[in-house]
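Tertiary structure, described
Each chain is listed here by its residues.
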Amino acid sequence: MKEKSIKCISSDCRVCLENKLNDLLIVPLEEGTTDTRKLFSYFLYSAPNIESVHSKNVHSDLHNEVFERMMDKRHYKYLKFCGASAKINKELNKGYLGGESICLKCKRFVCKKKQTKKGGKPESDLDCFLRHIRNSIAHGSVYLLHAGNRIHIVFEDRNKLNNLSARIVCIKADLEHWKRILENPKNY
């Protein structure tokens, strides 16, 4: 891993380190700690509204509330959902998420929503976010960095043409927080 100062999304990021993603690529259900592998397994098979027989559904009326609770007090610096026809590279660059070397200190994401059928209901932020996490784990596009007492994670999803459709920078504690909220029966 090559470390040097680079520009970051946050002006208060004093220790911005460049991380080459290829150096951090892992096999999600084989590498990392047991806790991390269990979290990956949850988001791959059991998180709500994903295409799995183990997944429960969150009623669409609750999607906004659940997603807001997931992000509440998580200190994300950039959160962007793009429409299906959006030029995602522009949004990735705005969030300092473009390229193969990015700073993992500041949590942020860009996710592209699914193309909906004409007259169909658009994909919710919650469904979009969980779908991209699930796809990145399923396709093995997970990057992990142990940094002291934090585990930094990057989820990356690509479309059928191999173009980025999402990049999410988070920490293990975020996954734990999100899982607690998603498993809470009050959400359903």
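Criteria and thresholds
- Residues numbered from 1 in each chain as written.
- Predicted model: local features only at pLDDT ≥ 70, side-chain atom pairs only at ≥ 80, totals over all residues.
- Heavy atoms only, no water.
- pLDDT = per-residue confidence, 0-100.
- Helix = DSSP H or I, 4+ residues; strand = E, 2+ residues; numbered from the N terminus.
- Contact = heavy atoms within 4.5 Å.
- Axes fitted to C-alpha atoms, helices over the stretch in contact; angles between N-to-C directions.
- Parallel < 35°, antiparallel > 145°, perpendicular 65-115°, else oblique.
- Left-handed = near helix turned anticlockwise from the far one by under 90°.
- Expected span 1.5 Å × (residues − 1).
- Phe/Tyr/Trp six-rings, centres within 6.5 Å; stacked < 30°, edge-to-face > 60°.
- Buried < 20%, exposed > 50% of the residue type's maximum accessible area, 1.4 Å probe, protein only.
- Pairing = 2+ DSSP bridges.
- Salt bridge = Lys/Arg side-chain N within 4 Å of Asp/Glu carboxyl O.

1. Describing the confidence of the model for the protein
- Confidence along the protein averages 88 in pLDDT terms, with 88% of residues attaining 70 or more.
- When mean pLDDT is taken per element in the protein, helix α4 (residues 125-138) scores highest with 97 and strand β1 (residues 18-20) scores lowest with 75.
- Scored below 50 in pLDDT, residues 1-5 makes 15 contacts in the model with residues more than four places away or belonging to other chains.

2. Let's talk about the packing of helix α1 (residues 34-46) against helix α5 (residues 172-183)
- Between α1 and α5, whose axes approach to 10 Å, the crossing angle comes to 45 degrees. As the angle between them shows, α1 and α5 are arranged oblique. As α1 runs across α5, the sense of the crossing is left-handed. Side by side, α1 and α5 meet where D35, T36, L39, F40, Y42 and F43 of the first sit next to K172, L175, E176, W178, K179, L182 and E183 of the second.

3. Quick look at α5
- In a regular helix each residue adds 1.5 Å, so 12 residues correspond to 16 Å; α5 covers 17 Å between its end C-alpha atoms and thus fits that length.
- Of the surrounding secondary structure, the elements contacted by the buried residues of α5 are α1, α2 (63-71), α4, β7 (150-158) and β8 (164-171).

4. Focus: the packing of aromatic side chains
- Per the stated rule, a full pass over the model turns up 10 aromatic pairs.
- Ring geometry for F67 against F109: centres 6.4 Å apart, planes inclined by 85 degrees, an arrangement best described as edge-to-face. One end of the pair, F67, is in helix α2; the other, F109, is in strand β5 (residues 108-112), with 42 residues separating them in the sequence.
- Look at F109 and you get buried, because its relative accessible area is 0%.
- Judged by centre distance (5.1 Å) and plane angle (80 degrees), the rings of F129 and W178 are edge-to-face. Highlighted residues: F129 in helix α4 and W178 in helix α5, separated in sequence by 49 residues.
- For F129, a relative accessible area of 0% gives the class buried.
- Its relative accessible area of 0% is what places W178 among the buried residues.

5. As for the sheet that holds β5
- Across the sheet, six strands lie side by side as β2-β6-β7-β8-β5-β3; this open sheet has mixed pairing. At either end of the open sheet lies a strand with only one pairing partner, and these are β2 (25-26) and β3 (78-82).
- In the sheet, β5 pairs with β8 via four bridges, with the strands oriented antiparallel. Residue C111 lies in a different strand from β8, and its bridge partner there is A166.
- Against the sheet, α4 contacts β3, β5, β6 (142-147), β7 and β8, and its axis sits at roughly 95 degrees relative to β7.

6. Notes on the pairing of β7
- With seven of nine residues buried, β7 is to be regarded as a mostly interior element.
- Relative to β7, β6 runs antiparallel, the two sharing six bridges. The partner of L145 across the bridge, within β7, is H152.
- Hairpin remark: β6 followed by β7, antiparallel, with two residues in the connecting loop; positive phi at G148, about 65 degrees.
- Between β7 and the antiparallel strand that follows it, β8, lie five residues; N162 among them carries a positive phi value of about 70 degrees.

7. Here's the deal with the pattern of salt bridges
- Counting across every chain of the model gives 11 salt bridges.
- Here E91 makes a salt bridge to K94, at a shortest N to O gap of 3.5 Å. Of the two residues, E91 and K94 both sit in helix α3 (residues 88-94), three residues apart, roughly one turn of that helix.
- On the accessibility criterion, E91 (11% relative accessible area) is buried.
- The partner of K179 in a salt bridge is E183, and the shortest N-O contact between them spans 3.9 Å. With K179 and E183 both in helix α5 and four residues apart, this pair spans about one turn of that helix.
- Since its relative accessible area comes to 24%, K179 is described here as partly exposed.
- Residue class for E183 comes out partly exposed when judged on its relative accessible area of 43%.

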